[in-house]
Amino acid sequence: MKIVTVVGARPQFVKAAVLSRAFAARGGAIREVIVHTGQHHDPNMSDVFFEEMRLPKPDHHLGVAGGSHGEMTGRMLEKLERVLLEERPDWVLVYGDTNSTLAGALAAAKLQIRVAHVESGLRSYNRAMPEEVNRVMADHVSSLLFVPTPRAVENLREEGIAGDHVVPVGDVMFDAARHYAALATPSPAVRDWMAASGGGHLVATVHRAENTDDPARLAAILGALGDISATRPVVLPLHPRTRKAAGAWSPPATLHVVEPLGYLDTLCLLRASAGVLTDSGGLQKEAFFFGKPCLVLRSETEWVELVDGGHARLVGADRARIVSEAAAFLGRDLGEAPALYGDGRAGERIVEALLRA
Ligand code: UD1
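The chain appears in an unreviewed UniProt entry as UDP-N-acetylglucosamine 2-epimerase (Non-hydrolyzing) from Eiseniibacteriota bacterium.

Student: I'm lost on the sheet that holds strand β9 (residues 234-237) in this one. Help?
Tutor: Spatial ordering of the open sheet is given by β10-β9-β8-β11-β12-β13, a layout of six strands whose pairing is parallel. Two strands lie at the open edges of the sheet, namely β10 (255-258) and β13 (312-314), each paired on one side alone. Pairs of neighbouring strands in the sheet enclose a mean axial angle of 20 degrees, with direction left out of account. Strands in contact with helix α15 (residues 319-329) are β11 (275-278), β12 (294-296) and β13; relative to β12, the strand with the most contacts, it is inclined by about 160 degrees.

Student: What should I look at first to understand the pairing of β11 in this one?
Tutor: Remember that side chains alternate between the two faces of the sheet whenever the strand is regular. Burial along β11 is two-sided: the residues G275 and L277 and V276 and T278 are all buried. Examined bridge by bridge, β11 and β12 share three bridges and lie parallel to one another. When the bridges of β12 are listed, V276 appears paired with C294. Following the backbone out of β11, through helix α13 (residues 281-289) and into the adjacent parallel β12, one traces a crossover that is right-handed.

Student: Is there a simple way to think about the pattern of salt bridges in this case?
Tutor: Where charged atoms from two side chains of opposite charge come close, those side chains can pair. What the rule picks out here adds up to 24 salt bridges. Of the charged contacts in the structure, one is a salt bridge between E78 and R82, with a shortest N-O distance of 3.5 Å. Of this pair, E78 and R82 both sit in helix α3 (residues 69-87), separated by four residues, roughly a single helical turn. A residue is classified by how much of its surface remains accessible, and E78, at 49% relative accessible area, is partly exposed. R82 gets classed as exposed once you look at its relative accessible area, which sits at 53%. Overlapping salt bridges bring together D97, E132, R135, E210, R298, E300 and E302 as one network.

Student: I keep staring at the packing of helix α7 (residues 172-181) against helix α12 (residues 263-271) and nothing clicks. Help me out?
Tutor: Relative orientation of the contacting elements α7 and α12 amounts to 85 degrees, with a least axis distance of 10 Å. When the interaxial angle is binned, α7 and α12 end up roughly perpendicular. Residues M173, A176, A177, Y180 and A181 of α7 form the contact with α12, whose participating residues are Y263, L264, L267 and R271. Here the contact of α7 with α12 is composed, by residue class, of eight nonpolar, no polar and one charged.

Student: Just checking my understanding: could you explain the nonpolar core for this structure?
Tutor: Buried together is how nonpolar side chains tend to be arranged in soluble globular proteins. Core analysis: the largest hydrophobic core is formed by 72 residues, its most contacted members being L19, F146, Y263 and L354. No other element matches the eight residues that helix α1 (residues 10-24) contributes to this core. Among residues more than four places away in sequence, those in contact with F146 are A116, H117, V118, E119, S120, V167, V169, I350, A353 and L354. With 24 residues, the next largest nonpolar core counts L238, L277, A326 and F329 among its residues.

Student: Help me understand the site of the ligand, please; the structure alone is not making it clear to me.
Tutor: In the neighbourhood of the ligand, 21 residues make up the surrounding shell, with Q39, H40, N99, R241 and K244 lying closest. E131 places a side-chain nitrogen or oxygen 2.8 Å from an oxygen atom of the ligand. Protein contacts shield 89% of the accessible area of the ligand, which totals 740 Å² for the unbound molecule. Every element with two or more residues in the shell around the ligand is listed here: α1, α3, α5 (130-140) and α11 (240-246). For the shell around the ligand, the element with the highest residue contribution is α11, accounting for three residues. Partitioning the shell around the ligand into residue classes produces six nonpolar, eight polar and seven charged. Mapping the shell around the ligand onto the domain boundaries places at least three of its residues in each of domain 1 (2-171 + 342-356) and domain 2 (188-329).

Student: Would you mind going over the domain arrangement of the chain with me for this structure?
Tutor: In many reports, interface size means the accessible area that the parts give up when they come together. According to the domain assignment, the chain consists of domain 1 (2-171 + 342-356) and domain 2 (188-329). Relative to domain 2, the C-alpha centre of domain 1 lies at a distance of 26 Å. Listed per partner, the contact involves 22 residues of domain 1 and 18 residues of domain 2. Between domain 1 and domain 2 lies a buried interface of about 1,700 Å² when both sides are counted; carbon and sulfur atoms form 58% of it.

Parameters and conventions
Residues numbered from 1 in each chain as written. Predicted model: local features only at pLDDT ≥ 70, side-chain atom pairs only at ≥ 80, totals over all residues. Heavy atoms only, no water. Pairing = 2+ DSSP bridges. Helix = DSSP H or I, 4+ residues; strand = E, 2+ residues; numbered from the N terminus. Axes fitted to C-alpha atoms, helices over the stretch in contact; angles between N-to-C directions. Contact = heavy atoms within 4.5 Å. Buried < 20%, exposed > 50% of the residue type's maximum accessible area, 1.4 Å probe, protein only. Right-handed = clockwise from strand over helix to strand, strands pointing away. Salt bridge = Lys/Arg side-chain N within 4 Å of Asp/Glu carboxyl O. Parallel < 35°, antiparallel > 145°, perpendicular 65-115°, else oblique. Nonpolar A, V, L, I, M, F, W, Y, C, P; charged D, E, K, R; others polar. Core = buried A, V, L, I, M, F, W, Y, C linked by side-chain atoms within 4.5 Å. Near = heavy atom within 4 Å. Polar contact = N/O pair within 3.5 Å; in protein donor to acceptor, adjacent residues only side chain to side chain. Areas by Shrake-Rupley, 256 points an atom, 1.4 Å probe, with all protein chains shown as cover. Domains from an automatic or database assignment. Buried area = accessible area lost by both parts, 1.4 Å probe.

What follows is the structure, encoded as structure tokens:
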């Protein structure tokens, strides 16, 4: 069986690494061809993940990055079609909800190549988010939908998608965190900062368009992180989108702003942290995997079970609220985490389902 995997953005490299290992474990039964769209291209947004996670080098690199959503997606679509015509795979595998996901799913569906969507069925019910449009479209053209949670099965059913092709497998991010946390040691820079900060640090990330593209929201969030850093250590690995949007912002000396980090450093920082503030979907769950409380810098989340279970709180972009919730919630011991995201074998289940289909 031949599979073309389409990746392009940071979280997809993490998810694809899980599947690449699972494919390799099946010997020659599956031949995987990796296509990197180029959406994320900086060394610390892309190469570091391939190296750390031993993801095989892409067979095709499309070099498409930047531009408007339509422009980026359109250029990917055109180039992906050429690759798919050349490779003629049995399946195209796409992950999550980025523009690369949409382009991969659409290019394949138009050529009548079957699409398998990993992390299917998630919904924020906010169509202003580019990710929501991407994930709805990808789900509706997919022949196999790998869902991480019972709620995702329900979401799909409400849209008329139900049946054997909807396969609950758990979350590949949980597989990844379990596997790589066992191998992860911090880089010297991260180790030294953790030692100097004296423990109890918080990890913060901001990159979602609804926050970065609205100057008032971004100023409130960055202001809150600065306020919090006056009383406890906060590290903020800054996404290029956020760096651009922040313009001339100069962080207070107490806020530790760094370049985007690799996956292993991120895991090390999370594991030793007192909590997380983020608008990233991946980081919300990674906080949970390590039993850390998380403040979600949005007004809704796709990972509703985290909020329902008291593991995360939605705080939006209100400066005073973020500061007070950080004081009240972060640092709490949340006790043993329930198995909301499967058992760490999502990757194996996906491979089995693909071989059966
Ligand atoms: C994208 C995804 C988002 C995902 C995130 C993970 C979409 C619509 N959004 O958002 O769902 O959570 O990736 O990080 O697909 N840039 C660089 N260097 C890079 C990467 C990006 O300079 O290596 C710049 C781009 O040129 C652009 C900005 O950062 O100006 C944003 O990048 P883009 O890929 O458009 O979206 P993300 O915000 O990363």
